[in-house]
Amino acid sequence: MGIAAAMGGWSARHRWAAVGGWLLFVVLVVVAGQAAGRHDIDEAKGTPGEVTQAATILDDAGLKDPASEMVLVQTAKGTVTDPGVRSAVGDVVTAVRATGQATAIRSPYDSGAVSADHRSALVRFDMRGAADDAGDRVSPVLDAVAKVRDAHPGLKIEEFGDASGAHASDNAFGSDFKTAEFSAVPVALAILLVAFGALVAALLPVVLAMTAFVAASGVVALVSRLVPMSDDANSVMLLVGLAVGVDYCLFYLRREREERAAGHDPETALRIASATSGRSILISGITVIVAMAAMLFTGIGDFKAMGVSTMIVVAIAMFGSVTVLPALLSLLGERVEKGRLPLAARRARRRAERAARTGRSRQRQEGSRVWRAVLRPVLARPLASVVLAGGVLAALAVPAFSMHTANLSLDQELGTKLPVIRAYEDISRAFPGGPQPAEVVVKADAITSPSVSQAIKEFDARAVSSGASKGPVTVTVHAAQNVARIDVPLAGGSDHAKAEADLRLLRDEVRPATLGAVPGLSAPISGDTAESMDFAHKISSSVVPVFAFVTVFAFLLMLLSFRSPAIALTSVVLNLLSVGAAYGVLTLVFQHGFGASLVGATGTGAVEAWLPLFLFVILFGLSMDYHVFVVSRIREARMRGLSTRAAIQQGVTTTAGVVTSAAVIMVAVFAIFGTLSMQSMKQMGMGLAFAVLIDATLIRGVLLPAVMALLGERNWHLPHWMRRLPDLSEQTTMLPPAPAADPLADGSLGPVGPGRPGHPAGQVPDRV
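Residues numbered from 1 in each chain as written. Predicted model: local features only at pLDDT ≥ 70, side-chain atom pairs only at ≥ 80, totals over all residues. Heavy atoms only, no water.

A. Structural context of the overall build of the protein chain. From N to C terminus, the protein chain includes 25 helices and 10 strands. Buried residues in the protein chain amount to 57% of all 768 residues. Carbon and sulfur atoms make up 61% of the accessible area of the protein chain, which totals about 30600 Å². (Helix = DSSP H or I, 4+ residues; strand = E, 2+ residues; numbered from the N terminus. Buried < 20%, exposed > 50% of the residue type's maximum accessible area, 1.4 Å probe, protein only. Areas by Shrake-Rupley, 256 points an atom, 1.4 Å probe, with all protein chains shown as cover.)

In structure tokens, the structure reads:
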């Protein structure tokens, strides 16, 4: 029956070896991963471009870009030359120096960091030590500045910088983000308890998914020496690992339950589940892995880390589902129903009593009445159903054509309630470009030579005269390393569009006319604005190759797995339609503000730049779970003798329960992330939850059966010239027919999916 059945059969026969091998594998990779340690991305080198070039020059010179901080001292009356302001500035310098955490402290009276209206002054300094953990060490500095502020109530004294920003972000959102991650597991378990009605059956998918995630964490730590990882990648790995791990186990376990409820003995039921659901898991898992591999095309560090980590967790979850799960089911036997919920047990008894009175099998009676009611008009009028459902999704997708993407600013991402955000806004108003200056890293053979020094002076002057900066431009020379750093406040300040225009002016006109005239000199321009702009450019340039790679490989995999161009094309088009609808809803809510207040998403005005590409890859992979599972059941019914329409009805109704349960779990888990305060996480959670909901209902319940009904026998047609393609399909006509009687009518198995157990293969009446 194929590789999935072979793996499941071996595991069932050697159950202790399979379970022990799985546990040993998990322990070994975790220990090895902890011993090796995880190597994380250098954020400064995460995006190819000038930002990475600048970071490389500093690294090669042994110069670490420090975490820079600034303290605003502002008066509402008078100027910064007033004695009271001078006293406050001196107190800030003294207090910051006394903490021992700061270096390179610069008074505004020495550096010229005074606003144009002479009412604001900036005390600048750098945090000692590495920039990566500066946020953990900035608390004494913040406390010292707060004491100075209390001592000068008539002045506005605020601190902002790399370290204080990271500290505020971690304090405000770190805890609730972790809470959301850890909430996903109990939410999934609660839904599975309702779906299965038994504690042991509900625990199996969660336990297997979490052990797959733990094992993947160990493997990721080992792989991180080749592909550096990040906390973002770890969070995505948890989300995807939990989603696919639970889904795969859910598919497998429900099919095994269904076959036992149909009258098969446990061994036969397990073999059928291995041959059918096991095969679907392999196809789905490979498709998800291919989709995640597309992230590698971006060249962006975070995306590469997300791609590799999710590929690893999906591969491990897929392998565990077709090996250790059959072994566990074989070991547990009827004990998988232990821990029955009282309500589920009472319902099972009532179903058994009704089945005994009416003489019908419980499985036949237990059919998905909702989906049977939905399918009746869909299959009766498939063209109208396609037009109506397709029109709804197309209408939802229309706003996506006006989607505006942007890297959300601090105030958009975190809101304006945090003191550090208010400080950022006040500094931006007083010193446009001051909080996030462009950083020009100059590397020359002799940095102090007259020609280089003159070129730097000309660059400084032209940066201001061109309008790209309002000054003051500061230069730091590291003579021993032949490196200089020029900080250029951009005139656009917090206006991202204007700041990016200023940056392009520096790169395209000012630099070539000044620094570019010195032979052998390199001067990449970095900074927050440069990083944001380079990131957005890299994302936009990756859209076409990523979309092409995912769609082409998904089409080919479906073609080889189902031997049908029609099914392969249908799967790709329907997935694109669901992604488009998700894009449209995101645009309506987060860009245009429709219903934004209901989800706490006011004031963004844009979709996070990385989100569309990320959503496409994730959704395309996860959507294949449902599509492969449903189409496999339809194909199975067709190959066992049913007509296409009867096969569609049986395939959809027999998978309705498990697809609904899987979708509810995914929607609930993703919705948790939609409740976070960070706008990018809110957008990600809402986009994923809505797309999965649409995919499991409108797509799989209406559009898929309607399109397949319209295609009829063309669903199974393979052109002659394609018959030489590799054949990854597996025949299912040899599956044993269900016994005519239902020996498990006592209700011990609880709720199971619908079916037609009273009819041998090929003898199910051809009617809808």
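B. Spotlight on the pattern of salt bridges. In this structure the tally under the stated criterion is 17 salt bridges. Between R429 and D426 there is a salt bridge, with the nearest N and O atoms lying 2.4 Å from each other. Residue R429 and its partner D426 are located together in helix 18 (residues 419-430), separated by 3 residues, close to a single helical turn. Through salt bridges with shared partners, a single network forms among R255, E258, E259, R633, E636 and R640. (Salt bridge = Lys/Arg side-chain N within 4 Å of Asp/Glu carboxyl O.)

C. The pairing of strand 3 (residues 120-127), seen in detail. Buried residues dominate strand 3, accounting for 8 of its 8 residues. Looking at chain direction, strand 1 (residues 68-74) and strand 3 are connected through 7 bridges and run antiparallel. By the bridge assignment for strand 3, E69 is matched with F125. Across 3 bridges, strand 2 (residues 102-106) lies against strand 3 in antiparallel orientation. Of the residues in strand 3, the one forming a bridge with A102 is M127. (Pairing = 2+ DSSP bridges.)

D. Seen up close, the environment of V227. With respect to the helices and strands, the residue V227 is situated in the loop between helix 9 (199-223) and helix 10 (231-261). A sequence separation of 81 residues divides V227 from V308, and the C-alpha atoms of the two residues are 7.8 Å apart. Other than its neighbours up to four places away in sequence, V227 contacts K304, A305 and V308. (Contact = heavy atoms within 4.5 Å.)

E. Here's a closer look at helix 23 (residues 611-639). In a regular helix each residue adds 1.5 Å, so 29 residues correspond to 42 Å; helix 23 covers 41 Å between its end C-alpha atoms and thus fits that length. Largest kink in helix 23: about 25 degrees, centred on M624. After helix 23 finishes, the residue G641 shows a positive phi value of roughly 115 degrees. (Expected span 1.5 Å × (residues − 1). Bend = angle between axes of the 7 residues up to and from the residue.)

F. Spotlight on the sheet that holds strand 4 (residues 156-161). Strand order in the open sheet formed by 4 strands is 2-3-1-4, and the pairing between neighbours is antiparallel. Sheet topology places strand 2 and strand 4 at the edges, where each strand pairs with a single neighbour. Within this sheet the neighbouring strands show an average axis-to-axis angle of 20 degrees, counted without direction. Seen against the sheet, helix 7 (residues 139-151) touches strand 1, strand 3 and strand 4 and runs at an angle of roughly 165 degrees to strand 4. (Axes fitted to C-alpha atoms, helices over the stretch in contact; angles between N-to-C directions.)

G. Highlighting the packing of aromatic side chains. Throughout the structure, instances matching the rule amount to 9 aromatic pairs. Summarising the aromatic geometry, the rings of F251 and F629 are spaced 4.2 Å apart at their centres and angled 10 degrees between planes, so their arrangement reads as stacked. Of this pair, F251 sits in helix 10 while F629 sits in helix 23, and the two are 378 residues apart along the sequence. For the pair shown, F251 and F629 are each scored as buried. Taken together, a centroid distance of 5.3 Å and an interplanar angle of 45 degrees make the contact between F616 and F620 tilted. Of this pair, F616 and F620 both sit in helix 23, separated by 4 residues, roughly a single helical turn. The pair F616 / F620 is uniform in exposure class, with both members buried. Among the aromatic residues, those joined into a ring-pair cluster are F297, F549 and F553. Across the ring face of Y109, the terminal group of R86 is positioned such that the distance to the ring centre comes to 4.3 Å. Above the face of the F562 ring, R279 is positioned so that its terminal group lies 5.6 Å from the ring centre. (Phe/Tyr/Trp six-rings, centres within 6.5 Å; stacked < 30°, edge-to-face > 60°. Lys NZ or Arg CZ within 6 Å of the ring centre and 35° of its normal.)

H. Expanded view of the environment of E509. The topology assignment puts E509 in helix 20 (residues 496-513). Taking the relative accessible area as the measure of exposure, E509 reaches 51% and is therefore exposed. Considering only alpha carbons, one finds E509 and S466, 43 residues apart in sequence, at a separation of 9.1 Å.

I. Geometry of the nonpolar core. Ranked by internal contacts, the top residues of the largest apolar core, which has 155 residues, are F303, F614, I618, Y626 and M684. A per-element tally of this core places helix 23 first, with 18 residues. Not counting residues within four places of it along the chain, the set of residues in contact with F614 comprises V236, M295, F303, M306 and M684. Within the second largest apolar cluster, 28 residues are counted, among which are V51, I447, A484 and L506. (Core = buried A, V, L, I, M, F, W, Y, C linked by side-chain atoms within 4.5 Å.)

J. Structural view of the confidence of the model for the protein chain. For the protein chain, the average pLDDT comes to 83, and 88% of its residues sit at 70 or higher. Predicted confidence for residues 359-367 stays below pLDDT 50, and this span has 35 contacts to residues more than four positions away or in other chains. Low pLDDT, under 50, characterises residues 740-768; the stretch is placed with 83 contacts to residues that sit more than four places away or in other chains. (pLDDT = per-residue confidence, 0-100.)

K. Geometry of the packing of helix 23 against helix 24 (residues 644-674). Where helix 23 contacts helix 24, the axes come no closer than 8 Å and their chain directions differ by 160 degrees. When the interaxial angle is binned, helix 23 and helix 24 end up roughly antiparallel. Pair helix 23 / helix 24 crosses with right-handed handedness. The class makeup of the residues in the contact of helix 23 with helix 24 is 15 nonpolar, 5 polar and 3 charged. (Parallel < 35°, antiparallel > 145°, perpendicular 65-115°, else oblique. Left-handed = near helix turned anticlockwise from the far one by under 90°. Nonpolar A, V, L, I, M, F, W, Y, C, P; charged D, E, K, R; others polar.)

L. Expanded view of the environment of R422. One can find R422 in helix 18. Given a relative accessible area of 38%, R422 falls into the partly exposed group.

M. Main features of unusual backbone geometry. Phi angles above zero are rare outside glycine, and A104 is one such case at about 55 degrees. Within the chain, N482 stands out as a residue other than glycine whose phi angle is a positive 55 degrees. Take N482: it is sitting in the loop between strand 7 (474-478) and strand 8 (483-488). For N482, a relative accessible area of 21% gives the class partly exposed.

N. Highlighting the packing of helix 11 (residues 266-293) against helix 23. Between helix 11 and helix 23, whose axes approach to 8 Å, the crossing angle comes to 155 degrees. Looking at the two axes, helix 11 sits roughly antiparallel to helix 23. Note that helix 11 runs across helix 23; the crossing there is right-handed. Residues T276, S277, R279, S280, I283, S284, T287, V288, A291 and M292 of helix 11 lie in contact with helix 23, whose contacting residues are V617, I618, G621, L622, M624, D625, V628, F629, S632, R635 and E636. The residue makeup of the contact of helix 11 with helix 23, split by class, is 10 nonpolar, 7 polar and 4 charged.

O. Local environment of the sheet that holds strand 8. Taken together, the 4 strands give an open sheet; going across it, the order is 7-8-6-9, and neighbouring strands pair in antiparallel fashion. Of all the strands in the sheet, just strand 7 and strand 9 (525-526) have a single pairing partner and so form its edges. Where strand 6 (residues 438-443) meets strand 9, 2 bridges bridge the pair, whose relative direction is antiparallel. Bridging from a neighbouring strand, E439 pairs with S526 of strand 9.

P. Spatial organisation of the side chain of K682. The residue K682 is located in helix 25 (residues 679-711) in this model. In contact with K682, not counting residues within four places along its chain, are F590, V599, G600, A601, F673, G674, T675 and L676.

Q. View of the side chain of T654. Inspection of the secondary structure assignment puts T654 in helix 24. Residue class for T654 comes out buried when judged on its relative accessible area of 6%. At 3.2 Å, the side chain of T654 forms a polar contact with the backbone oxygen of G651. (Polar contact = N/O pair within 3.5 Å; in protein donor to acceptor, adjacent residues only side chain to side chain.)

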